[in-house]
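Residues per chain, in single letters:
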Amino acid sequence: MPHSIARPATLAVAALIAVLPLSVVSCSAAQKALDCGNTAIKITSDISDVTNAFNNASNDAAAAGQSLQNLKNDLDQLGKNSKNTDVAQAITDLNTQVNKIQQAVDAKQVPDLKPLGDAAGNLTKVCTG
């Protein structure tokens, strides 16, 4: 009798061992997709707002500062909530560029927005690659 119980139990354990890595991979992929989706929704409009605000900064400097602050706040929140290390690193890179833009504004210089776009492009690569 012990052999008849041991064999199905052994097969069940073997099946579980084979399935667990697959479920981890799929959970990881699902988490990355969720992180990417949430991040994309939040920052796409923020980056557009920053770009538009700085293009019209001579008309409304306060809007430029507010749009930059909104982007920074959203990136901080997304960085805290991201479970995927690649997405979190891309968010950190975006934060670095936001800080550089803020430093340029504080120094009364015209900020270079291209690195911000490049960092957003890197996030796209992380999410689609």
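Residues numbered from 1 in each chain as written. Predicted model: local features only at pLDDT ≥ 70, side-chain atom pairs only at ≥ 80, totals over all residues. Heavy atoms only, no water.

Helices and strands together make up the secondary structure of the chain, namely four helices and zero strands. Secondary structure elements of the chain occur, N-terminal to C-terminal, as α-α-α-α. Taking all 129 residues of the chain together, the buried fraction comes to 27%. Taking as baseline every contact in the chain between residues at least 6 positions apart, the subset at least 24 positions apart corresponds to 65%. Element-wise, carbon and sulfur atoms account for 60% of the exposed surface of the chain, whose accessible area totals about 8300 Å². (Helix = DSSP H or I, 4+ residues; strand = E, 2+ residues; numbered from the N terminus. Buried < 20%, exposed > 50% of the residue type's maximum accessible area, 1.4 Å probe, protein only. Contact = heavy atoms within 4.5 Å. Areas by Shrake-Rupley, 256 points an atom, 1.4 Å probe, with all protein chains shown as cover.)

What follows is about the packing of helix α2 (residues 61-81) against helix α3 (residues 85-106). For any two helices packed against each other, one specifies the inter-axial angle together with the distance between the axes. Running from N to C, α2 and α3 cross one another at 155°; their axes reach a closest spacing of 10 Å. When the axes of α2 and α3 are compared, the pair comes out roughly antiparallel. For the pair α2 and α3, the crossing hand works out as left-handed. Contacts between α2 and α3 pair Leu-68, Leu-71, Lys-72, Leu-75, Asp-76, Leu-78 and Gly-79 from the former with Ile-91, Leu-94, Asn-95, Val-98, Asn-99, Ile-101 and Gln-102 from the latter. (Axes fitted to C-alpha atoms, helices over the stretch in contact; angles between N-to-C directions. Parallel < 35°, antiparallel > 145°, perpendicular 65-115°, else oblique. Left-handed = near helix turned anticlockwise from the far one by under 90°.)

Along the chain, the position of Asp-46 falls in helix α1 (residues 2-55). Apart from residues lying up to four places away in sequence, Asp-46 is in contact with Asn-70, Leu-71 and Asp-74.

Averaged over every residue, the pLDDT of the chain is 76; residues scoring 70 or more account for 78%. Here residues 1-25 scores under 50 on pLDDT; set against residues more than four positions off or in separate chains, the count is one contact. (pLDDT = per-residue confidence, 0-100.)

Okay, α2 next. A rise of 1.5 Å per residue sets the reference length of α2, with its 21 residues, at 30 Å; its end C-alpha atoms lie 31 Å apart and thus fit the reference within 8%. For α2, the set of buried residues is Ala-64, Ser-67, Leu-68, Leu-71, Asp-74, Leu-75 and Leu-78. Buried positions in α2, seen along its axis, are confined to an arc of 130° and lie on one side of it. Of the exposed residues in α2, those oriented more than 90 degrees away from the buried face are Ala-61, Ala-62 and Lys-80. (Expected span 1.5 Å × (residues − 1). Arc of directions from axis to C-beta.)

Time to look at the environment of Thr-92. Within the secondary structure, Thr-92 sits in helix α3. By relative accessible area, which is 41% here, Thr-92 ends up partly exposed.

For the rest of this paragraph, the subject is the packing of α3 against helix α4 (residues 114-128). Between α3 and α4, whose axes approach to 9 Å, the crossing angle comes to 175°. If you check the angle between α3 and α4, you find them roughly antiparallel. Together, Asp-86, Val-87, Ala-90, Asp-93, Leu-94, Gln-97, Val-98 and Ile-101 of α3 and Pro-115, Leu-116, Ala-119, Ala-120, Asn-122, Leu-123, Val-126 and Cys-127 of α4 make up the contact between the two elements.

With glycine set apart, most residues show a phi of negative sign, and most peptide bonds adopt trans. Even without glycine at this site, Lys-108 takes up a positive phi of about 60°. Considering the arrangement of structural elements, one finds Lys-108 in the loop between α3 and α4.

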